[in-house]
Structure formats: C-alpha cells, structure tokens
Amino acid sequence: MTAVEFPPAPKRDGLVRRALRDPLAVGCLVVLALLIVASLAAPLLTGYEPDHSVMADTLAPMSGSHPLGGDGVGRDVLSRLLYGGRTSLVGGTLAVLVAFAVGGPLGLISGFYRGWFDAVAGWIVNVIMAVPAIIVMLVVMAAVSQDLNVAMVVLGVIMAPMVFRLIRASVIAVREELYVDAARVSGLGDGRIMRRHVLPVVIAPSLIQATQVFAVAIGIQAGLAFLGLGKASQASWGAMLGDAFTNIYNAPALLVWPGAAMGLTILASSLLGNVVRDALGTAEPRVVRRRKRVERRAAAPVAEAPADRLLTVAGLRVGYPKPGGDKTVVDGVSLTVARGEVLGLVGESGSGKSQTAFSVLGLLPNEAEVTADRMVFDGKDLLGLDLAALNALRGRGIGYIPQEPMSNLDPCFRIGSQLVEPMRKHLGLSRAEARAKALELLARVGIPDPERVFRSYPHQISGGMAQRVLIAGAVSCDPRLLIADEPTTALDVTVQAEVLDLMRSLQQEREMGMILVTHDFGVVADICDRVAVMQKGRIVETAPARQIFAAPEHGYTRMLLDSTLEGGPARGDLRVPDKPLKEVTS
Ligand SMILES: Nc1ncnc2c1ncn2[C@@H]1O[C@H](COP(=O)(O)OP(=O)(O)OP(=O)(O)O)[C@@H](O)[C@H]1O
C-alpha cells in the first residue's frame, strides 16, 4: 500500500476569528458598535428630547448644555443625532430582515427545486423589479403611513428580488456540485442536503448582500426624510440634513454631524461586507461541473424474476430534448445483475455507460427523458418509487462510488462527519456508534491512521485516500448493490491497483452485486464476472468475462479489446482470467 503523507491538520478558524484578524474589520465593527451603543444610550447621553424646541436655542453655538449646538428651530443637535441614529439603524435592519424573509426562502426553493415554482417566483420577481421603487415608497408614505419604518418595510419587499436572485444562483451552483450528488446517493433527504451542503454556501454571499441592502436602505431613508417625508416627531439623519440645508449659509456645521454619521455607517457596513467576502474566500464564483437529478415515469407491471436476481433493467431509454430533435443517449438498454455478481459496463467514452448507471440511481438531470419497460431492484419497482422512497433506497440498498473522489467530498465538512451522517440516518445509529463504525470502516479500507483522517478535511488527504473514504462511505450502510463509475480513473496506476483490490475484497466479503462502469479491460479482467459492452447507447454484447476475452462475438468488442491490447498487455493475462466464473441467468 502506498504510504500517504498527511500535512499537519491545520485548525480552521471560524468566520468571526478570521474577520477579527483583519484590522479593517475590527475598525468597521468598532464604528458600528459605537453607533449602535450611542443611539441605544441616547437618553443617558443627552437630557433633551429630540423634538423639544426652544426658540432661544435656534442655531445656538456649541456649548456645555448643547455640545453640538442647536438647529434651525432650537432643538438640541446631539439629541437629534443620537435618536436619529436609532431611526436609521432600525430602518436599515428592517429593510434587511424583510428582504431576506421574502427573497431568501423563495431563492432557496427556486434554486433547489427549479420547475414550476422557479418559473412562478421568477415571474413575480420580475414584476416587482419593474416597479419604480421610489414612487412606490412615496405613494405608501402619502397614502398609508408617514412612518419611515413602514417605508423601510416596503423597501425590503422591493429589494427582495436582489436577494432572491443571489440566493437562487448560489443554490443552483452548489446543487450541481458532485458532492451534493454524492450526498443524494448516500440517501440524504432534501432537508438535510439543504442544511448541510447548501446553506453553508449561501450564507457567505447573503452576508455580503445584507450589508449592501443595509447601506442602501439607510441612504434611501435619509433621502425620504430629506424631502420632508416622515413623522415630524421622528428624528432622523435625513431630516437633520434637510434642516441643515435650509440654514446652509448661517450654520454650515449643521451638515457635518448627520453627514458624518451617515457616511460612517454606510462606509463601515459596506467595508465589513468586503471583509466578510474575503474572509470566506467567496471572491471567485464556484465552478459548476454537472448536475444529475431523477425524473421518473409510471411503471410497467413487474414480472417474476429469479430469486438470485438483484437488479433488472429492461428497455431503458434516456434522451435529451435538442432544438433539431431529441438526442437519444441510451437506447433500449437491458441488463441484469445477480446477487454477489460484478457486471462490467464497458464502452468508449460517450457510449452511455454513466447515463445507464445514473438512471438506476435516479440521478439524471431534470431535462432528461427517461423511460424503461422495467427497472426492478431486489423486488422493488424503481420506476414507481417517489423521491422519499428512492432516498431511503440510495445508500442503504444501492451504494455509489464516483469517478472523481475529491469533488464528491464536501470541502466544508470533516471526513468523519460526512461518513457519520448517512449511517445515523439509514442505520439509526447514535453519534458514538456511527463514529465507531466509521473508524472501523476507515481501517478496513486501508487507511493507516483512521482517527486522523476522520478529523481531517478533504483537502488534507490524497486522491487515493479520498477514494478509499468514498468506498468506506459507499459500503457503510451495507448496500446490496454497488455502482462504481470509473472508480480508478482519477488515480495513479499503483493506487488504482490497490483500490481495485479493495473493491474486490469488499464485494466478495459482503456479497454485494456490483455494476462497474469502466473503459478499461484490465479492470474488467481483474474484477468482473460478466461484461456488457456498450456502443452508441446500446448494449451490443453481453457475456461472461472469460468469454468476452477468449471469443468476443461483436466487431466493436473485438475493436475495443484490440485497442486495449495494442499498447502492450494490460494487468495480468487478459485472455485467460484465472478466477472462477459464476453461472448467471440473464
Ligand atoms: N445533460 C446532458 N444533456 C445532453 N447530453 C448529455 C447530457 N449528459 C450526458 N449527455 C450525453 O450522453 C452521452 C453518454 O454520456 P455518458 O456520460 O453516459 O458516457 P460514458 O459512456 O459514461 O462516457 P465517459 O466514459 O466519458 O463518462 C454523451 O454523448 C453525452 O454527451
């Protein structure tokens, strides 16, 4: 076994700790905290009510009793500044809360489920965005309420589409990540996938958006108050600016205090958003790789199958709508897998192997048109299963080993937590039991220091290790069928052989059926009992492995074998595999 070098497991700091290392963030937080504390403590810091007017104090200079002087109608400027801070901070917060309460859930659901909900939500959002925001607020303030807080609630609704679009885009990006597919395959339901994999990714851009909405809301609120809208008794920085503007030649200093307070608040919250973005490393958009999702049609009646039959697929077709006519990528595929049998699905790139495997897992994209005469797993009609039943089956009944190990582990979570979660759900184990089983499995798949790997994040282990972790995860809930999609392609040659050995021994020890998708006849010779050869979406030949190597019938199979052998012998003597073959009824 290859020795694996572990870098020392660095401790990942939380967002707050990372942000606090940045002096700019500390400065912004101090400014915002001072503003909040000062406005909350207004009654303690000044003895004047903000709308208490004394004619004698009109444009009074700074003094002991009026530290910032008096305004144009004899009100204490300090008092109005402090109480005005309340109006601005409360208004900004209200707008943020409403925008996220409306746009957040809509964006999450639209991005995650798409379909009709996405279409309807998108339409509503477009309508809201077409409405001129300032006119709506002017109408509301004129006809409904003079309260600036009401205007901020309306502003929140008007800004909700921005939040909706951002969250929807983030969710769409993350749900196309392979580790979300892997979580789905391990049988986790939508709620858990949303909580564990989607929300952590959405939080970062949401925080940045929140600071922007906050800053914009404070600016708009000040604009409304500057125009003279809002209750006369409601002190605000905008109203102070309006008052200062009318006295700009007599007392220009009156502009300074509300202007500085507003500028500082907007600057601090915007800069804080930037710091959060940098701390979370979200400056670059995530790369979208591919997406798989289930779409099922009504089932055909299920016929009796032999007792040792684990999987029957008959007449499977997968097509994708294209402008010039549908593109059929799987065309009438029929195959069977017996208990404890390894079926190799071979063929050149693009022949439809993965699409066939993903059909069984129910992980094809929404746009895929999937039909089959029959798809039965262990007596259960897969075509008739709803999403919840399919989730219960994946992981527990059918395990999946993917092609790209690193992309199938969520970089945000420790390996241990990614192994423990499906076991707790499917096997009903306690956290301690699941942990013990995970450590046992990590040792079983040949990981030299299970405790350490359990505590590591995916980036701290090698590709070969990650594939072993995924194999441990795939068998953790004791599935009866394992689907492995080119499980060694992304690994170097020595590790490939070890991983194959591991898969073979696990398969034999647990008597699992297996579909092994590969284009490598060396792998077929190593592991497979039977082989189905695919070309252009069809199975052109199915035969026991020995027969395929000794006497391939189809010209395409001969061509594939010749091309494999051209560069020299593959692993072992491919034409005469020495392992005993199983008798299989197909
Ligand atoms: N979402 C999609 N829309 C349209 N065509 C698709 C989609 N996904 C896959 N295909 C097409 O389906 C065909 C079969 O793809 P599949 O991934 O099953 O091939 P494969 O035999 O597994 O090849 P490889 O070994 O390269 O993965 C390919 O031509 C591919 O372009």
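Residues numbered from 1 in each chain as written. Predicted model: local features only at pLDDT ≥ 70, side-chain atom pairs only at ≥ 80, totals over all residues. Heavy atoms only, no water.

Student: Help me understand the site of the ligand in this model?
Tutor: Around the ligand there are 15 residues in total, and Ser349, Gly350, Ser354, Gln355 and Glu486 lie nearest to it. The side chain of lysine 327 places a nitrogen or oxygen atom 3.5 Å from an oxygen atom of the ligand. Between the ligand and glutamate 486 there is a distance of 2.9 Å, counted from an oxygen atom to a side-chain nitrogen or oxygen. Here the ligand, which alone exposes 640 Å², has 71% of that area covered by the protein. When contributions to the shell around the ligand are tallied by element, the ones reaching two or more residues are strand 2 (327–338) and helix 12 (353–361). (Near = heavy atom within 4 Å. Polar contact = N/O pair within 3.5 Å; in protein donor to acceptor, adjacent residues only side chain to side chain. Areas by Shrake-Rupley, 256 points an atom, 1.4 Å probe, with all protein chains shown as cover. Helix = DSSP H or I, 4+ residues; strand = E, 2+ residues; numbered from the N terminus.)

Student: Help me understand the nonpolar core, please; the structure alone is not making it clear to me.
Tutor: Here is a general trend for soluble globular proteins: nonpolar side chains tend to be buried in one another's company. Counting 55 residues, the largest nonpolar core has Leu108, Leu155, Ile167, Val171, Val198 and Trp237 as its most contacted members. Those elements giving two or more residues to this core turn out to be helix 4 (77–113), helix 6 (133–143), helix 7 (148–175), helix 8 (178–185), helix 9 (190–226), helix 10 (237–246) and helix 11 (253–280). If you tally residues by element for this core, the top one is helix 9, at 13 residues. When sequence neighbours within four positions are dropped, the list of residues in contact with leucine 155 reads Ala95, Met137, Ala217 and Ile220. Counting residues in each nonpolar core, the second largest holds 54 residues, with Val342, Phe521, Val524 and Tyr556 among its members. (Core = buried A, V, L, I, M, F, W, Y, C linked by side-chain atoms within 4.5 Å. Buried < 20%, exposed > 50% of the residue type's maximum accessible area, 1.4 Å probe, protein only. Contact = heavy atoms within 4.5 Å.)

Student: What is the right way to look at the packing of aromatic side chains in this model?
Tutor: When we look at a pair of aromatic rings, we describe it by the centre distance and by the angle of the planes. Taken as a whole and assessed by the stated rule, the structure comprises 5 aromatic pairs. Judged by centre distance (5.8 Å) and plane angle (65°), the rings of tryptophan 116 and phenylalanine 117 are edge-to-face. The exposure class of tryptophan 116 is exposed, given its relative accessible area of 66%. Using a relative accessible area of 23% as the deciding quantity, one classes phenylalanine 117 as partly exposed. A cation over an aromatic ring shows up here: arginine 435 above the ring of phenylalanine 454, its NZ or CZ 4.8 Å from the ring centre. (Phe/Tyr/Trp six-rings, centres within 6.5 Å; stacked < 30°, edge-to-face > 60°. Lys NZ or Arg CZ within 6 Å of the ring centre and 35° of its normal.)

Student: What is the right way to read the packing of helix 2 (residues 23–40) against helix 4 from this model?
Tutor: Axis angle and axis distance: for two packed helices, these are the angle between their axes and the distance between the axes, and together they describe the pair. Two elements in contact, helix 2 and helix 4, have axes separated by 8 Å at closest approach and are oriented at 115°. You can see that helix 2 and helix 4 cross each other, and the crossing is left-handed. For the pair formed by helix 2 and helix 4, the contact residues are Leu35, Ile36, Ala38, Ser39 and Leu40 on the first element and Leu82, Gly85, Arg86 and Leu89 on the second. For the contact of helix 2 with helix 4, the class distribution of residues is 6 nonpolar, 2 polar and 1 charged. (Axes fitted to C-alpha atoms, helices over the stretch in contact; angles between N-to-C directions. Left-handed = near helix turned anticlockwise from the far one by under 90°. Nonpolar A, V, L, I, M, F, W, Y, C, P; charged D, E, K, R; others polar.)

Student: What's the story with the sheet that holds strand 8 (residues 481–485) in this structure? I'm lost.
Tutor: Paired through their backbone hydrogen bonds, the strands of a sheet run either parallel or antiparallel. With mixed pairing, 6 strands are arranged side by side in an open sheet as 7-8-9-3-10-11. Because the sheet does not close on itself, it has two edges, and the strands there are strand 7 (398–401) and strand 11 (538–544). On average, each strand axis in the sheet is tilted by 15° relative to the strand beside it, whichever way the strands run. Summarising the sheet, strand 3 (residues 342–346) and strand 9 (residues 513–518) pair through 5 bridges and their orientation is parallel. Bridging from a neighbouring strand, valine 342 pairs with methionine 514 of strand 9. (Pairing = 2+ DSSP bridges.)

Student: Just to check I follow, could you spell out the side chain of glutamine 234 for this structure?
Tutor: Assignment of secondary structure puts glutamine 234 in the loop between helix 9 and helix 10. One polar contact links the side chain of glutamine 234 to the main-chain amide nitrogen of leucine 148, over a distance of 3.2 Å. Once residues lying within four places of it in the same chain are set aside, the contact partners of glutamine 234 are Thr87, Gln146, Asp147, Leu148 and Asn149.

Student: Got a minute to help me understand a nonpolar patch on the surface in this structure?
Tutor: Taken together, the side chains of Ile134, Ile135, Leu138, Val139, Phe226, Leu227 and Phe245 make up a nonpolar region of the molecular surface, amounting to roughly 660 Å² of accessible area. Counting residues per element, the nonpolar patch draws most heavily on helix 6, at 4 residues. Counting through the fold element by element, leucine 227 comes out in the loop between helix 9 and helix 10. (Patch = residues over 30% accessible without salt bridge, like charges linked within 9 Å, V, L, I, M, F, W, Y side chains within 5 Å. Salt bridge = Lys/Arg side-chain N within 4 Å of Asp/Glu carboxyl O.)

Student: Sorry if this is basic, but what is going on with helix 6 here?
Tutor: Every α-helical turn comprises 3.6 residues, leaving residues that sit three or four positions apart pointing alike. When we look at burial in helix 6, the residues that qualify are Met137, Val140 and Met141. Projection of helix 6 onto a plane perpendicular to its axis shows the buried side chains occupying an angular sector of 95°, all on one side. Exposed and facing more than 90 degrees away from the buried side of helix 6 are Ala142 and Ala143. Turning to helix 6, the residues buried within the fold contact helix 7 and helix 9. (Arc of directions from axis to C-beta.)

Student: I keep staring at the UniProt feature "transmembrane region" (unreviewed entry) in the protein chain and nothing clicks. Help me out?
Tutor: Under the UniProt annotation, "transmembrane region" (unreviewed entry) lies at residues 24–45, 89–113, 120–144, 150–167, 202–229 and 249–272. Taken end to end, residues 120–144 comprises 88% helix and 0% strand; its first and last C-alpha atoms sit 29 Å apart. Regarding residues 202–229, the helix share stands at 89% and the strand share at 0%, and the terminal C-alpha atoms are separated by 36 Å. (UniProt positions renumbered as here; feature names shortened; annotations may be inferred.)

Student: So what exactly am I meant to see when it comes to the environment of threonine 312 here?
Tutor: By the element assignment, threonine 312 lies in strand 1 (residues 309–320). Apart from the residues within four sequence positions on either side, threonine 312 is in contact with Leu335, Thr336, Arg374, Met375 and Val376. Within the local environment of threonine 312, its side chain forms a polar contact with the side chain of arginine 309, the two groups lying 3.2 Å apart.

Student: Explanation requested: unusual backbone geometry in the structure shown.
Tutor: Among all residues save glycine, negative phi is the norm, and among peptide bonds the norm is trans. Despite not being glycine, leucine 59 shows a phi value in the positive range, around 50°. With respect to the helices, strands and loops of the structure, leucine 59 is situated in the loop between helix 3 (42–45) and helix 4. Look at arginine 114: it is not a glycine, yet its phi comes out positive at around 50°. Counting through the fold element by element, arginine 114 comes out in the loop between helix 4 and helix 5 (115–130).

Student: Quick question: what am I supposed to make of the packing of helix 5 against helix 7 here?
Tutor: At a closest axis distance of 9 Å, the pairing of helix 5 and helix 7 adopts a crossing angle of 140°. By the angle class used here, helix 5 and helix 7 are oblique. In this structure, helix 5 crosses over helix 7, and the sense of that crossing is left-handed. Contact residues: helix 5 offers Asp118, Ala121, Gly122, Val125, Asn126, Ile128 and Met129, while helix 7 offers Val157, Ile158, Pro161, Phe164, Arg165 and Arg168. Tallied by class, the residues present in the contact of helix 5 with helix 7 amount to 8 nonpolar, 2 polar and 3 charged. (Parallel < 35°, antiparallel > 145°, perpendicular 65-115°, else oblique.)

Student: Can you walk me through the pattern of salt bridges in this structure?
Tutor: Any two side chains of opposite charge can pair if their charged atoms end up close together. A complete count under the given rule lists 18 salt bridges for this structure. Where glutamate 421 meets arginine 192, a salt bridge forms, and the shortest distance between an N and an O atom there is 2.9 Å. Here the residue glutamate 421 occupies a position in helix 14 (residues 415–427), and arginine 192 occupies one in helix 9, the gap between them amounting to 229 residues. Overall, glutamate 421 belongs to the buried group, its relative accessible area being 12%. A salt bridge links arginine 455 to glutamate 451; the shortest N-O distance between them is 4.0 Å. Within this pair, arginine 455 and its partner glutamate 451 are both found in helix 16 (residues 450–455), separated by 4 residues, close to a single helical turn. The partly exposed category is assigned to arginine 455, whose relative accessible area is 45%.

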